[in-house]
Each structure stands twice: as structure tokens, then as C-alpha cells.
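Okay, here's what each chain looks like letter by letter:
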Amino acid sequence: MYRERDISLDGGKQKETSLTHWDGETRCLRRKDLIDTLYAALPPGTVKFGCQLESIKLDPHSNKPVIRFIDGSSFVAKVVIGCDGGKSVVADFLNLKPTKMFPLCAVRGLTSYPTGHSFGHQLIRFRKDNILVGRTPIHDNLVFWFCVLPNIRKDQKHWEDPEAIRQSTLELVSDHPHEIREMIENTNMKSLSITHLRYRAPWDLLSGTFSKGTVTVAGDAMHIMGPFLGQGGSAGLEDAVVLARIMAQLGSTSVGSGSKVTTPGVEKAFNQFVKQRRMRVLRLSLQTYLIGMLWGTSSLLKKILYYMLFSLLFHNQNSHTNYDCGFL
């Protein structure tokens, strides 16, 4: 059983609220472990590292997309699926509206406990003023933690130094419980990062054109959202399952004993993919948007408004976990 708890530290007192109990399997995974597992399942040579996308344009003769990388290399592609993150070059090619920024940033890290910890299988969040610290175990000796705080205006180079990130975070949680300060103090320095939280506006997801010919987007390039539900990566995996299934059904035609990808088939598959995914990611994005704005605003009136909208639209706050994207 997985538990979710909130502890308020405001007013010099601890007030605990047990929010949810999930009987289904819920796990926190290291991003690297997930990526390594997926990579290991691919045929050798499938993935080429160190290729940063610079631009994508249509070839005036063939009307096919031309991919150009920052090292100057380029090629004409039959199919482009842009999974290039929240600052997506492929999304720009599709003329999607720019992503927006929450008035929040997030520090993330991993802390090892060589002799084990006693935190239990639960997500616990400590709230004090406008600082939120969360902690959830990955296994008996490793914990993932995060700290969500208002955007801090400092030189970008400051945030590229792990030690500067750790010290700044420790200063912010100086009045938090000892176990929180100790967790951050002992964090794995290589795991530390700080991110200014971005999102694609829900109304842009409703109206955006997410495919053009044989070009589409998926993952954060399509629907970057706040991390408040822990569903960003999960939604990206859902995209992969749905897109692979539709491509297998519509994106190719039988040729002898095999199959061949066809342009009309790919276009049809991409349109169907966008149609199937739009409302799912719209709902996730709207939920994370309301949470992010609720946490990020200092206006009491706005907090009341966001809370009322959230309560009205998401009476069951965990309904998103019951979604089934189907089989491959």
C-alpha cells in the first residue's frame, strides 16, 4: 500500500494530513534506470548520442522534412517524431505556441542511506510558507527528494554548480525538521539539479496543431507540464505505446512477407495519434496547471479561485492514475 502525506510546518507547529492510500503498485524510479532499460531493449545502433537538433525545414523539391544538427550535418527524413523536450525545435516547426513558465522552480536530488532508512513506502511533503519539500523512497537505501520554491533570480552559472544548489537549498529549509536538512546535506552531488518549471498552456493543447504531414511531436515537446502529479514521464510512455500501436495499424502497407512505411499511412497515423492523446494530456496539463498556480501565487484571492476550480474539476484527485492507454 502506498501512502501520501502532507505536513504543514506553518505557525511553528506540525499539522499532518493523510491524503491517499493506493492499493495498486506505485513506484518511484531513477530516470537513468528507466532510460538504460529502454535503451538495452533496442537493437544495436538504433540510438545515436550527441546529436542536438538545430532546425527542421521542408525540402522545396521533395516536400520532405530536412533535419539539421548543430554540428552542421543534415539529412532528409521520411518521418520525424519530435521528442526533443520543452524547448522543442520540432514544436517550433509545427508553429506551436511557446511554452510558459510557472513562477516556481524545483530542486531535485537523490540521497543514499547505506544502512537503510525507515521512511516507509510513502510520499511525504513538508510545507512551510512558500516552500515545499517532498520525499519518497526508491528502495531501502535510496531516496528521491525535491524542493519546490519561488523562482530565484540569480546568474545562470550559479545554478550550474551543484554545491551552490545545495547550499542555497539548505538556507531555504534551515527551519525545517533535522531529517530534511540532513537528507539535503548528504545528497549525491551529481544528482542535484534545478529547473525553472515550464508548461504548455492547457488551452494551447486544445487548439494546437501537433502534426503536419509526416512530422509530429510527443512527450514534453507536445505536453510539457508541471511535476506536481508525477505524470510527465508517464504520459510520455503512454504516447510511445499509443503511437507505436497506431503506426503498426495505419502507418505501413504489406509488401511481400514484410511491410513498408507509406507517407499517406504515416499522416493518417499521426492524425489519429493526436486525436487519441489530446484530451488525455489536456486533462493532465489542466490539473498540474491549477496546482502550480495555486502554489505559485501569493494572492489570497487567486488561491481561492484556483482551489475552487481544482475542487470542481478534479473531485477525485487521483483519477489520472486509473488511465489505461492499451496494449502495443
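Everything below is about the structure shown above.
Description of the structure in this document. The structure presented is a predicted model; accordingly, all values stated were derived computationally and were not measured. (Residues numbered from 1 in each chain as written. Predicted model: local features only at pLDDT ≥ 70, side-chain atom pairs only at ≥ 80, totals over all residues. Heavy atoms only, no water.)

What about the overall build of the protein chain?
Short version of the rule: We count a stretch as a helix when DSSP gives it H or I for four or more residues in a row; a strand needs E for two or more, and each element gets its number in order from the N terminus. We take the radius of gyration over the C-alpha atoms and set the globule estimate at 2.2 Å times the residue count to the 0.38 power. For every residue, the accessible area (1.4 Å probe, protein chains only) is compared with the maximum for its type, and the residue is labelled buried under 20%, exposed over 50%, or partly exposed between those bounds. The contact definition used throughout considers only heavy atoms, calling two residues in contact when any of these lie within 4.5 Å.
Along the backbone of the protein chain there are nine helices and 15 strands. Against the 2.2 N^0.38 benchmark of 20 Å for 328 residues, the protein chain shows a C-alpha radius of gyration of 22 Å, consistent with a compact globule. Dimensions along the principal axes, computed over C-alpha positions, put the protein chain at roughly 70 × 45 × 40 Å. Within the span of the protein chain, comprising 328 residues, buried residues form 42% of the whole. By sequence separation, contacts in the protein chain at least 24 residues apart represent 65% of the contacts at least 6 residues apart.

A few points about helix α4 (residues 178-185)
What counts is decided by this rule: To obtain the arc, one takes the directions from the helix axis to the C-beta atoms.
Listed as buried for α4 are Ile180, Met183 and Ile184. Along α4, the residues classed as buried sweep out an arc of 95° about the axis, all on the same side. The inward-facing, buried residues of α4 abut β7 (100-112), β8 (122-128), β9 (131-139), β10 (142-150) and α3 (162-172).

Brief notes about the layout of surface pockets
Going by this rule: Cavity means a closed set of points on a 1 Å grid over the protein atoms alone, one where a 1.4 Å probe fits but cannot get out, pocket means an open set with protein on both sides within 12 Å along at least 5 of 7 lines, and lining means a residue has an atom within 4 Å of a point. Grid points are joined across faces, edges and corners, and a volume is the space filled by probe spheres set on the points. Three classes are used, and their members are as follows: Ala, Val, Leu, Ile, Met, Phe, Trp, Tyr, Cys and Pro are nonpolar, Asp, Glu, Lys and Arg are charged, and the others, Gly among them, are polar.
By volume, the second largest pocket is sized at about 260 Å³. Lining the second largest pocket are 17 residues, and of these Asn63, Lys64, Lys78, Thr214 and Thr263 lie nearest its centre. Elements that contribute at least two residues to the lining of the second largest pocket include exactly β15 (258-261) and α8 (263-296). Considering only residue class, the lining of the second largest pocket consists of six nonpolar, six polar and five charged.

Some words on unusual backbone geometry
For Asn95, which is not glycine, the phi torsion reads 60° and is therefore positive. In this fold, Asn95 is placed in the loop between α2 (89-93) and β7. With phi around 55°, Asp129 is a residue other than glycine that occupies positive phi space. For Asp129, the position within the fold is in the loop between β8 and β9. Looking at Asp129, the relative accessible area reads 63%, which means it is exposed.

Section: the pairing of strand β4 (residues 65-69)
Test applied: Strands qualify as paired when DSSP identifies two bridges or more between them.
Residues Pro65, Ile67 and Phe69 point to one face of β4 and are all buried, whereas Val66 and Arg68, pointing to the other face, are not buried. In this sheet, β4 lies alongside strand β3 (residues 53-58) in antiparallel orientation, the contact comprising five bridges. Each bridged residue has a counterpart across the sheet, and for Lys57 the counterpart in β4 is Val66. Hairpin connection, β3 to β4: the antiparallel pair is bridged by six residues, and Asn63 has positive phi, about 60°. Inspection of the sheet shows β4 paired to strand β5 (residues 74-76) by three bridges, in the antiparallel sense. Pairing of Val66 across the sheet is with Val76, part of β5. The hairpin turn running from β4 into β5, its antiparallel successor, is four residues long, and Gly72 in that turn takes a positive phi close to 95°.

Thoughts on the side chain of Asp6
This is how it is decided: Side-chain atoms alone can form a polar contact between residues adjacent in sequence; in general such a contact is a pair of N or O atoms within 3.5 Å, and within protein one must be able to donate a hydrogen while the other accepts it.
Structurally, Asp6 can be placed in strand β1 (residues 2-8). A relative accessible area of 11% places Asp6 in the buried class. Among the polar contacts made by the side chain of Asp6, one reaches the side chain of Arg125 at a distance of 2.8 Å. In terms of polar contacts, Asp6 uses its side chain to reach the side chain of Arg127, at 2.9 Å.

Structural notes on the nonpolar core
Operational definition: Residues belong to a common nonpolar core when they are buried Ala, Val, Leu, Ile, Met, Phe, Trp, Tyr or Cys residues joined through side-chain atoms within 4.5 Å.
Formed by 31 residues in total, the largest nonpolar core has its most connected members in Ile56, Ile67, Val80, Phe210, Val215, Val217 and Phe273. When residues of this core are traced back to their parent elements, those giving at least two are β3, β4, α2, β13 (215-217), α6 (220-223), α7 (232-250) and α8. Tallying contributions element by element places α8 first for this core, with seven residues. With residues up to four places along the chain from it excluded, the contact list for Ile56 reads Pro65, Val66, Ile67, Val80, Val89, Val90, Phe93 and Val215. Counting residues in hydrophobic clusters, the runner-up holds 23 residues, among them Val107, Ile131, Val143 and Ile165.

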